[in-house]
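Chain by chain, the residues run as shown.
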Amino acid sequence: MTGEMLLRSYRTMVLIRRFEEAVADCFAEGLVVGTAHFCIGQEASATGTVEALRPDDMVTSNHRGHGHFLAKGADPGRLMAELFGRETGYARGRGGSQHVADFSIGFLGSHGITAGMIPVATGAALSQKLLGTGRVVVAFFGDGATGQGAFHEAVNIGSAWDLPIIYLCENNLYAMSTSVDQSFRVTSVADRACAYGIPGVSVDGNDVEAVHEAVTEAAERARGGAGPTLIEARTYRYCGHSKSDECLYRTDEEEACWLERDPLIIASERLIGRGAADWAALDTIETEVADEVAEAVRFARESAEPDPATVTEGVFAEFDVT
Ligand SMILES: Cc1ncc(C[n+]2csc(CCOP(=O)(O)OP(=O)(O)O)c2C)c(N)n1
Ligand SMILES: [Mg+2]
């Protein structure tokens with residue numbers, strides 16, 4: 001990454017982190033409707049991936065999607081308003097944290113069904129190939145999703161048809177409380193790629209540059225017609241699975257070890273070390289992001305709740321990915 005790219009990525013990661021910290025505060029105040037799954041600790045995988053894409057490329061997400069959406073260019077105010085169940089939210093307050101989309105920025109949607117969006121992303125990649133748009137699609141999913149049949153079916157057809165797609169697994173070592181050691185025998189999710197005859201790459205998911213490098217190569221391959229890549233980004237979520245999880249299945253030692261490898265610390269030290277930024281510039285980013293997040297919360301707070309008479313509106317979707 002150039003210094004400019006790394007600095008932009010750092011800002012995006014700070015935005016994702018501070019946004020979710022604000023969501024946690026608002027949750028405690030009773031302002032957030034439904035639950036929320038935080039990606040705090042995992043910001044580098046979303047950010048490094050999107051930085052390696054063209055703006056018109058597309059992504060699909062999962063239940064832990066705030067970071068994917070913000071990295072792709074979501075408006076923090078509209079996302080916050082959705083979490084608050086307000087009419088100005090991305091799904092007019094009907095979807096909540098797990099069900100947001102904005103096709104205009106290539107964000108085809110997050111979803112609560114584990115692995116549910118991997119076939120959707122594969123279908124979107126098929127349409128891009130048939131239409132000859134040159135666009136690439138990224139499917140974000142977790143380690144737990146790789147145990148679903150939908151994952152295997154989608155990767156198989158994606159590889160068989162050389163579709164322009166990247167299967168991006170954020171392996172945060174747990175699916176709810178189940179450790180990866182209990183769920184599969186491969187040492188890396190990337191090892192599974194050989195079953196589909198595609199490249200499998202495992203990267204440090206807390207290092208935004210490592211993710212960026214792997215996705216850049218995979219995107220070139222996909223755009224060139226050579227088909228998918230399966231990328232494993234090894235990372236860790238600092239918070240519980242969702243708001244109701246007390247994380248009793250993890251050790252303090254394990255958590256401390258990952259906290260030392262914080263994606264923001266890695267990126268900031270690299271920026272300073274390379275002379276691409278000084279601490280004052282990073283402080284300015286913090287201040288700007290704090291203002292942006294405060295404005296998002298203000299927008300959400302002041303937005304109206306949906307009119308109950310409109311509850312059936314938006315039930316049927318029109319889908320156009322051209
Ligand atoms: C089909 C289906 N089965 C089970 C669930 C319940 N569930 C929600 S999240 C989750 C774990 C997902 O783990 P992973 O894919 O590793 O993502 P992470 O939460 O770690 O980001 C499960 C089992 C679900 N939402 N959908
Ligand atoms: Mg997981």
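This structure is a prediction, so every number in the text was calculated from the model and none was measured.

A count of helices and strands for the chain gives 11 helices and 7 strands. The C-alpha atoms of the chain give 19 Å as radius of gyration, which agrees with the globular expectation for 322 residues (20 Å, within 12%). Reported as C-alpha extents along the three principal axes, the dimensions of the chain are approximately 50 × 50 × 40 Å. The buried share of the chain, taken over its 322 residues, is 49%. By sequence separation, contacts in the chain at least 24 residues apart represent 76% of the contacts at least 6 residues apart.

The local shell around ligand 1 holds 15 residues, among which T114, G142, G144, A145 and A175 are the closest. Sorting the residues of the shell around ligand 1 by element identifies strand 2 (137-142) and strand 4 (174-175) as the ones contributing at least two each. Its residues placed into classes, the shell around ligand 1 shows 6 nonpolar, 7 polar and 2 charged.

At a minimum axis separation of 9 Å, helix 1 (residues 3-28) and helix 11 (residues 279-302) run at an interaxial angle of 40 degrees. Classed by the angle they form, the pair helix 1 and helix 11 counts as oblique. For the pair helix 1 and helix 11, the crossing hand works out as right-handed. Residues Y10, R11, V14, L15, R18, F19, A22 and C26 of helix 1 form the contact with helix 11, whose participating residues are I285, E286, V289, A290, E292, V293, A296 and V297. In the contact of helix 1 with helix 11, the residues fall into 12 nonpolar, no polar and 4 charged.

In terms of burial, strand 7 (residues 229-234) is a largely internal element, 6 of the 6 residues being buried. With helix 8 (residues 208-223) bridging strand 6 (residues 200-204) and the parallel strand 7, this β-α-β connection has right-handed handedness.

This next bit is on the nonpolar core. With 82 residues, the main nonpolar core has A139, I166 and I231 as its most contacted residues. Once you skip the residues sitting within four places of it in the chain, I166 turns out to touch V136, V138, V215, A218, A219, A222, P228, T229 and I231.

The next point concerns helix 8. The terminal C-alpha atoms of helix 8 lie 22 Å apart, and with 16 residues this matches the ideal 22 Å at 1.5 Å per residue to within 8%. Along helix 8, the residues that are buried comprise V208, A210, V211, H212, A214, V215, A218, A219 and A222. Against helix 1, helix 2 (43-51), strand 3 (165-171), strand 6, strand 7 and helix 10 (263-274) lie the buried residues of helix 8. Note on helix 8: the residue one or two positions beyond its end, G225, has a positive phi of about 90 degrees.

Residue A115 is not a glycine yet carries a positive backbone phi of 75 degrees. Summarising the element assignment, A115 is placed in the loop between helix 4 (76-83) and helix 5 (117-131). Residues other than glycine seldom take positive phi values, yet C247 does so here, at roughly 60 degrees. Within the secondary structure layout, C247 lies in the loop between strand 7 and helix 9 (252-259).

This next bit is on the sheet that holds strand 7. Across the sheet, 5 strands lie side by side as 1-2-3-7-6; this open sheet has parallel pairing. Across the chains shown, the open sheet's two edge strands, defined by having one partner strand only, are strand 1 (58-60) and strand 6. Averaged over all adjacent pairs, the angle separating strand axes in this sheet is 20 degrees, with direction ignored. In the sheet, strand 6 pairs with strand 7 via 5 bridges, with the strands oriented parallel. What sits directly across from D204, in strand 7, is R234.

The rules behind the values
Residues numbered from 1 in each chain as written. Chains lettered and ligands numbered in written order. Predicted model: local features only at pLDDT ≥ 70, side-chain atom pairs only at ≥ 80, totals over all residues. Helix = DSSP H or I, 4+ residues; strand = E, 2+ residues; numbered from the N terminus. Rg over C-alpha atoms; globule rule 2.2 N^0.38 Å. Buried ≥ 20, exposed ≤ 12 C-beta atoms within 10 Å, placed from the backbone. Contact = placed C-beta atoms within 7 Å. Near = placed C-beta within 6 Å. Nonpolar A, V, L, I, M, F, W, Y, C, P; charged D, E, K, R; others polar. Axes fitted to C-alpha atoms, helices over the stretch in contact; angles between N-to-C directions. Parallel < 35°, antiparallel > 145°, perpendicular 65-115°, else oblique. Left-handed = near helix turned anticlockwise from the far one by under 90°. Right-handed = clockwise from strand over helix to strand, strands pointing away. Core = buried A, V, L, I, M, F, W, Y, C linked by C-beta atoms within 7 Å. Expected span 1.5 Å × (residues − 1). Pairing = 2+ DSSP bridges.

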